[in-house]
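The primary structure of each chain is shown beneath.
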Amino acid sequence: MSTADVPLLLTRRRIWTIFFALLAGMLLASLDQTIVSTAMPTIVGQLGGVEHQVWITSAYLLATTIVMPIYGKFGDVLGRRHLFLLAIALFTLASVGCAIASDFWAFVVFRAIQGLGGGGLMILSQAIIADITSASERGKYMGPLSAVFGISAVAGPLLGGYFVDHLTWQWAFYINIPIGIIAFLIVAFALKLPTRKATKRIDWLGVVLLSAATTCLIFFTESGGNANHGWGALMTWMWGLGLLVAMALFVMVEARIEDPVIPLSLFRNQVFVVTAAIGFTLGIAMFAVIAFMPTFLQMASGTSAAVSGLLLIPMTAGMMGTAIASGVLVSKTGKYKIYLIIGVLLIIAVLLTLTTLAPTTPIWLICTYLAVFGAGLGFMMQVIVLVAQNSVPAGSVGTATSTNNYFREVGASLGTAVIGAFFTSRLADRLTDVFTATGASPVEAANATSTIDPQILNGLPWQVQKEVVAAYTGALAPLFWYIVPFMVAALILTFFLKQISLSTESGLVARGEAISGDEAERLAAERQSATPRDGPPRRRGRPIDN
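Residues numbered from 1 in each chain as written. Predicted model: local features only at pLDDT ≥ 70, side-chain atom pairs only at ≥ 80, totals over all residues. Heavy atoms only, no water.

Participant: Quick rundown of the packing of helix 4 (residues 104-132) against helix 14 (residues 363-390)? Include the residues and the values.
Facilitator: A pair of packed helices is characterised by two quantities: the angle between their axes and the separation of those axes. Two numbers describe how helix 4 lies on helix 14: the axes approach to 11 Å, and their chain directions differ by 55°. The orientation of helix 4 with respect to helix 14, classified from their angle, is oblique. Taken as a pair, helix 4 and helix 14 cross one another with a handedness that is right-handed. Between helix 4, through Gln126, Ala127 and Ala130, and helix 14, the contact on the second element is made entirely by Gln382, Val385 and Gln389. (Axes fitted to C-alpha atoms, helices over the stretch in contact; angles between N-to-C directions. Helix = DSSP H or I, 4+ residues; strand = E, 2+ residues; numbered from the N terminus. Parallel < 35°, antiparallel > 145°, perpendicular 65-115°, else oblique. Left-handed = near helix turned anticlockwise from the far one by under 90°. Contact = heavy atoms within 4.5 Å.)

Participant: Could you give an account of the nonpolar core, naming the residues involved and the relevant values?
Facilitator: Ranked by internal contacts, the top residues of the largest apolar core, which has 130 residues, are Phe84, Ile347 and Phe480. Ranked by size, the runner-up nonpolar core spans 18 residues in total, among them Ile35, Ile56, Val108 and Ala172. (Core = buried A, V, L, I, M, F, W, Y, C linked by side-chain atoms within 4.5 Å. Buried < 20%, exposed > 50% of the residue type's maximum accessible area, 1.4 Å probe, protein only.)

Participant: Help me get a handle on the side chain of threonine 133, residues and values and all.
Facilitator: If you trace the backbone, threonine 133 turns up in the loop between helix 4 and helix 5 (135-166). Taking the relative accessible area as the measure of exposure, threonine 133 reaches 3% and is therefore buried. Within the local environment of threonine 133, its side chain forms a polar contact with the backbone oxygen of isoleucine 129, the two atoms lying 2.7 Å apart. (Polar contact = N/O pair within 3.5 Å; in protein donor to acceptor, adjacent residues only side chain to side chain.)

Participant: Let's hear about the confidence of the model for the protein chain: which residues, and what values?
Facilitator: Of all residues in the protein chain, 80% attain a pLDDT of 70 or more, and the chain-wide mean is 77. Summarising per-element confidence for the protein chain, the mean pLDDT is lowest in helix 11 (residues 305-308) (60) and highest in helix 13 (residues 337-354) (91). The low-confidence segment residues 538-546 (pLDDT under 50) makes 27 contacts with residues lying over four places distant or belonging to another chain. (pLDDT = per-residue confidence, 0-100.)

Participant: Can you lay out the packing of helix 14 against helix 15 (residues 397-437) for me, pointing to particular residues and giving the numbers?
Facilitator: Between helix 14 and helix 15, the least distance of the axes is 8 Å, while the angle of their chain directions is 140°. Judged on the interaxial angle alone, helix 15 and helix 14 are oblique. Both helix 14 and helix 15 take part in a crossing whose hand is right-handed. Between helix 14 and helix 15, the contacting residues are Met381, Ile384, Val385, Ala388 and Gln389 on the first element and Val397, Ala400, Thr401, Asn404, Asn405 and Arg408 on the second. Here the contact of helix 14 with helix 15 is composed, by residue class, of 6 nonpolar, 4 polar and 1 charged. (Nonpolar A, V, L, I, M, F, W, Y, C, P; charged D, E, K, R; others polar.)

Participant: Report on the packing of aromatic side chains, specifying residues and quantitative values.
Facilitator: In the structure shown here, the tally under the stated rule is 11 aromatic pairs. Both rings, one in phenylalanine 74 and one in tryptophan 204, keep their centres 5.5 Å apart while their planes meet at 85°; by these two values the pair is edge-to-face. Of this pair, phenylalanine 74 sits in helix 2 (residues 54-78) while tryptophan 204 sits in helix 8 (residues 204-225), and the two are 130 residues apart along the sequence. Measuring from centroid to centroid gives 6.2 Å for tyrosine 406 and phenylalanine 407, while their planes differ by 85°, and the two rings are edge-to-face. Classification of tyrosine 406 as buried rests on a relative accessible area of 8%. (Phe/Tyr/Trp six-rings, centres within 6.5 Å; stacked < 30°, edge-to-face > 60°.)

Participant: I'd like a rundown of helix 13, residues and numbers included.
Facilitator: The end-to-end C-alpha distance of helix 13 is 26 Å, a good match for the 26 Å that 18 residues give at a rise of 1.5 Å each. Burial in helix 13 covers these residues: Tyr339, Leu340, Ile341, Gly343, Val344, Ile347, Ile348, Val350, Leu351 and Leu354. (Expected span 1.5 Å × (residues − 1).)

Participant: Which residues make up the pattern of salt bridges, and what values do they have?
Facilitator: When their charged atoms lie close together, side chains carrying opposite charge are able to pair. Using the criterion set out here, one finds 1 salt bridge in the structure. A salt bridge links arginine 80 to aspartate 131; the nearest nitrogen and oxygen atoms lie 2.6 Å apart. Of this pair, arginine 80 sits in the loop between helix 2 and helix 3 (81-100) while aspartate 131 sits in helix 4, placing them 51 residues apart in sequence. Residue arginine 80 shares its accessibility class with aspartate 131, and that shared class is buried. (Salt bridge = Lys/Arg side-chain N within 4 Å of Asp/Glu carboxyl O.)

Participant: Requested: an account of a nonpolar patch on the surface, with residues and values cited.
Facilitator: A contiguous nonpolar patch, built from Val96, Ile100, Tyr162, Leu167, Trp171 and Tyr174 and spanning about 560 Å² of accessible area, is present on the exposed surface. If you list the elements that add at least two residues to the nonpolar patch, you get helix 3 and helix 6 (171-174). Relative to the elements of secondary structure, tryptophan 171 occurs in helix 6. (Patch = residues over 30% accessible without salt bridge, like charges linked within 9 Å, V, L, I, M, F, W, Y side chains within 5 Å. Areas by Shrake-Rupley, 256 points an atom, 1.4 Å probe, with all protein chains shown as cover.)

Participant: Explain the environment of leucine 23 to me, using residue names and the numbers behind them.
Facilitator: With respect to the helices, strands and loops of the structure, leucine 23 is situated in helix 1 (residues 12-47). For leucine 23, a relative accessible area of 17% corresponds to the buried category. Separated by 102 residues in sequence, leucine 23 and serine 125 place their C-alpha atoms 8.1 Å apart. Setting aside anything within four residues of it in sequence, one finds leucine 23 in contact with Pro144, Leu145 and Val148.

Participant: I'd love a proper account of the environment of glutamine 270, names of residues and values included.
Facilitator: Take glutamine 270: it is sitting in helix 10 (residues 270-301). Taking the C-alpha atoms as reference points, glutamine 270 and phenylalanine 496, 226 residues apart in sequence, are found 8.8 Å from one another. Residues in contact with glutamine 270, not counting those within four places in the same chain, are Phe496 and Lys498. Reaching out from glutamine 270, the side chain makes a polar contact with the side chain of lysine 498 at a distance of 3.4 Å.

Next comes the structure, spelled out in structure tokens:
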């Protein structure tokens, strides 16, 4: 510890103060993602990047995924406070850059910088919670962190739609500036955590190779899912080859270096491996549904992107409810395996029902399915992270947190790209058939297929509208069968997950960097009641509340 040599007092008041500081940081990152998704068509249209708009999402996703393991490891080595402040500063400054960007590619660069900050906000929030709370109590805090994402999922599309309709798209980024400044000030004053100096050589080569492998992975999936390239394209498999080479070199380096960025010993830990595998499969299912259901809902209901976001409120409510409830129950009982099993079963049930989607399926029924899907996610998402953290020594909690999230992001990339490729291919064929049947020439049918949106759909004859919605359901519904085997694999994995006791010490206490519980409360009360003539507390045998 740099503030060094004396432990921190983790009183209940301090824990809650730090927790609210983390909520501010999480709100900053989560709200931005949903606001931008609504404003995206306007942004790319005004900046002249319609044909390259995938880069806006890819740049953010790539940067976020790359830095996850880096923030996790560096937080374990150097402490997390300064890194968290850095993440907020990067995100906020990049928001200014996005707002003032007058060129599409400059905007993409600033989105990537936002990703560098956003990845840190997600990982460090979860790791800091593990620093200040024991695994046996952590569920009560991790549930509300998930709820922040749920609230943002509803508020973001509404705000984005309002900004686009009544102000300018730049306000989707201006709003981050006051939130970022407030979050930075709260963290600067409230987030008092120990800092450290690195005692071992930092694994820079591992960082570079992992970044290269992640870059190849993202572009491999993007290229494979892109209609201009596809899975049979040479470029796609060049990225795939780059991924294999970078990963092979990464494993060789990590096996030899003293302090690797991702210790291979993690993969000899059965509990950690099982949670990583479950996270990978969950990423496939979660993002495949989230990526394509909003588009389907827009076309099926004929609403705008902003309004269709309201149709996802049931999913958000389901996720928030079970995330908070499961967190409290895990803290009370110490049992976690049952909630993962329930979550997987709920998701499998919903995937099976989604395969029956038809043009006549009522919107309210689809929203009910999504509510149950969200409930399944809520049972699983934070519990997986908690179990992964609990399975490793206190000194590796950041690395375990980031690596677990990393595998979920890998699953999300693969799931979105592969399912997306199948969906767009099937949809294009069906829509072309629909417009050809109306008497359109092949060129006209192709143009109509590529430009269809809810507003255009509402202007078509009623019979053609029905056929278009049928094309969407016919393209999307069968694809959920492809996701079911992954979740069945996740169900099997849950039965191999060992139920181990949850730690009763927070990370800081386990590392000898803090005092908690009744002793912390007593020492804090003594300090508060001390008279000025008592002077500052002596370093010998008494902790200083840094």
